[in-house]
Amino acid sequence: SSGINAEWPLRPGDSSGSVGYQDYQLELSFVKTLLEIMAVKAHDAGVKVCTGIVSYSTRVHVEVDPCCDNSFCRVVDRFDDRLMQYRAGSTNTNGALKVARQMLQAAASYKKVAILITDGKSNTGGSPVAFAEQMRREDGIDIVALGVTKYVNEAELKGISGMEFVTKIDVFDEFHELATILLEANYLGDEYDLETSFEDICSEDYSSFQMECEREDPPEEEEDECEWGAWSNCVRKKNNRCVQTRTCKLEGSVVENEKQECSCSEAANFMSSLRLKHTPSKSHRLHSSRRGRV
């Protein structure tokens, strides 16, 4: 194919405590190979692909903003320079998907794909299944879930991806084997051939890495406005303050109200004094009550 069709793969990567530092390095090595494969395939096809990376444990961290200002060459530099930090913690997959969705929504006209790599079951931040379904249904984001280790929750990954099957490897050492399969499937030779092709592409890339990319803010949605009524009469309250109120209605229902202090009229002062004058005192009420029982 020819021309430019930008796609947006964003990769939430699990760096929780159950992964461990050494296994996380194997995960990063696999993601780096995946990026290089995509770079070569996109270059050969004349397709522009924009990519971003999110890592997560208990908290979510944006490693690469998924906008087109960052080329594959500059993103891979982050791996070569060992700038992807390992952060131990729980597994907050739901939080990672929320950040991924927010970032991918900035590219409304592009095909959007999220590749999720995790070693197990979410144990903080709530279940990610309902939110993942919302991403797929409302935003058209395809989610590819890759499970690592035999302890992975396959039912959860199926719910996240919406697929009947789960791509899974039993141990982190199998990332290398999976990378080899991807190379063979894309007719890219071995890892040396891939590195050579990728370096040729980057030899003509003089761009710099942008941690945050400039993008237009999405237009604000217009909300239906309620209609405010007139202020009520000024009424003196028990604390001797004079207050008036008004309400705002939308489709016949009160959706908001507010009050403000005001100056009571002479009539309001007169009515207030009458109420005080005709209100029996506590001792008088008690006396009347006793007489009623005699």
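Residues numbered from 1 in each chain as written. Predicted model: local features only at pLDDT ≥ 70, side-chain atom pairs only at ≥ 80, totals over all residues. Heavy atoms only, no water.

1. With respect to the overall build of the chain
To be explicit about the condition: Where helices and strands are cited, they refer to DSSP runs of H or I of at least four residues and of E of at least two residues respectively, numbered from the N terminus. Using a 1.4 Å probe on the protein chains alone, a residue whose accessible area is under 20% of its type maximum counts as buried, one over 50% counts as exposed, and one in between counts as partly exposed. For this analysis, residues touch if any pair of their heavy atoms sits within 4.5 Å. Areas reported as accessible are Shrake-Rupley estimates using a 1.4 Å probe. Residue values count occlusion only from the protein chains shown.
Secondary structure assignment for the chain yields 9 helices and 10 strands. A buried classification covers 38% of the 294 residues belonging to the chain. Considering only contacts in the chain between residues 6 or more positions apart, those separated by 24 or more positions represent 70%. Counting every atom, the chain has about 18000 Å² of accessible surface; 48% of that belongs to carbon and sulfur.

2. Re the pattern of salt bridges
Selection criterion: One side-chain nitrogen of Lys or Arg within 4 Å of one carboxyl oxygen of Asp or Glu is enough to make a salt bridge.
Within this structure, the stated rule accounts for 14 salt bridges. A salt bridge links D80 to K32; the shortest N-O distance between them is 3.7 Å. You can see D80 sitting in helix α2 (residues 72–80) and its partner K32 sitting in helix α1 (residues 21–45), a full 48 residues away along the chain. Judged by relative accessible area, K32 falls into the buried class, the value being 15%. A single salt-bridge network, built from bridges that share partners, covers R101, E133, R137, E138 and D139.

3. Regarding unusual backbone geometry
At R82, a residue that is not glycine, the phi angle is positive and equals roughly 55 degrees. Take R82: it is sitting in the loop between α2 and α3 (93–104).

4. A closer look at the state of the cysteines
Rules: Disulfide assignment relies on a single distance test, namely cysteine sulfur atoms paired within 2.5 Å.
For the coordinates displayed, the defined rule picks out 3 disulfides. Residue pairing for C73: its cysteine sulfur links by disulfide to C202, the two sulfurs lying 2.1 Å apart. On the sign convention where negative is left-handed, the bridge of C73 and C202, at about -100 degrees about the S-S bond, is left-handed. Pair noted here: C73 is in helix α2 and C202 is in helix α7 (residues 191–202), with a separation of 129 residues, a long-range link. Per residue, the accessibility class of C73 equals that of C202, and both read buried. Each sulfur of the disulfide joining C226 and C248 lies 1.9 Å from the other. Negative torsions about the S-S bond denote left-handed disulfides, and the value of about 105 degrees found for C226 with C248 makes this one right-handed. With C226 in the loop between α7 and β7 (227–228) and C248 in strand β9 (residues 242–250), the pair connects residues that are 22 residues apart, well separated along the chain. Under the relative-accessibility criterion, C248 is labelled buried at 0%.

5. Looking at the confidence of the model for the chain
The criterion, for reference: For every residue, the predictor reports its confidence as pLDDT, a number between 0 and 100.
Averaged over all residues, the pLDDT of the chain is 78; the fraction at 70 or higher stands at 77%. Within the chain, no element has a lower average pLDDT than helix α9 (residues 282–293), which sits at 44, and none a higher one than helix α4 (residues 129–139), at 93. pLDDT under 50 marks residues 1–6. Its contacts with residues more than four places away, or in other chains, come to 15 contacts. Long-range and interchain partners of residues 281–294, a stretch whose pLDDT sits below 50, account for 1 contact in this model, where long-range means more than four residues apart.

6. A closer look at α7
Applicable threshold: Expected helix span is given by 1.5 Å per residue-to-residue step, counting one fewer step than there are residues. Arc definition: directions from the helix axis to the C-beta atoms. Polar contact criterion, stated in full: a pair of N or O atoms within 3.5 Å, where within protein one must be able to donate a hydrogen and the other to accept it, and residues adjacent in sequence count only if both atoms are side-chain atoms.
Over its 12 residues, α7 runs 16 Å from end to end, which matches the ideal 16 Å to within 8%, given 1.5 Å per residue. Looking at α7, one finds that the buried residues are L194, F198 and C202. Buried positions in α7, seen along its axis, are confined to an arc of 65 degrees and lie on one side of it. With respect to the buried face of α7, the exposed residues turned more than 90 degrees away are Y192, E199 and D200. Close packing links the buried residues of α7 with α1, α2 and α6 (175–185). Its side-chain oxygen placed 3.1 Å from the backbone nitrogen of Y192, D190 serves as the N-cap of α7.

7. A closer look at the packing of aromatic side chains
Worth spelling out the cut-off: Only rings of Phe, Tyr and Trp enter the pairing, Trp through its six-membered ring, and a pair is recorded when the two centres are within 6.5 Å. The plane angle decides the type: under 30 degrees is stacked, over 60 is edge-to-face, the rest tilted. Should the NZ of a Lys or the CZ of an Arg lie within 6 Å of a ring centre and within 35 degrees of the ring normal, that charge is described as sitting over the ring.
All chains considered together, the criterion is met by 2 aromatic pairs. Where Y24 meets Y86, the ring centres are 5.7 Å apart and the plane angle is 50 degrees; that geometry is what we call tilted. Here the residue Y24 occupies a position in helix α1, and Y86 occupies one in the loop between α2 and α3, the gap between them amounting to 62 residues. Owing to a relative accessible area of 25%, Y86 belongs among the partly exposed residues under this scheme. Ring-pair connections join several aromatic residues into one group, and the members of that group are Y21, Y24 and Y86. The lysine or arginine in question, K98, covers the ring of F131, its NZ or CZ lying 5.9 Å from the ring centre. One residue, R246, lies across the ring of W228, its end atom 4.4 Å from the ring centre.

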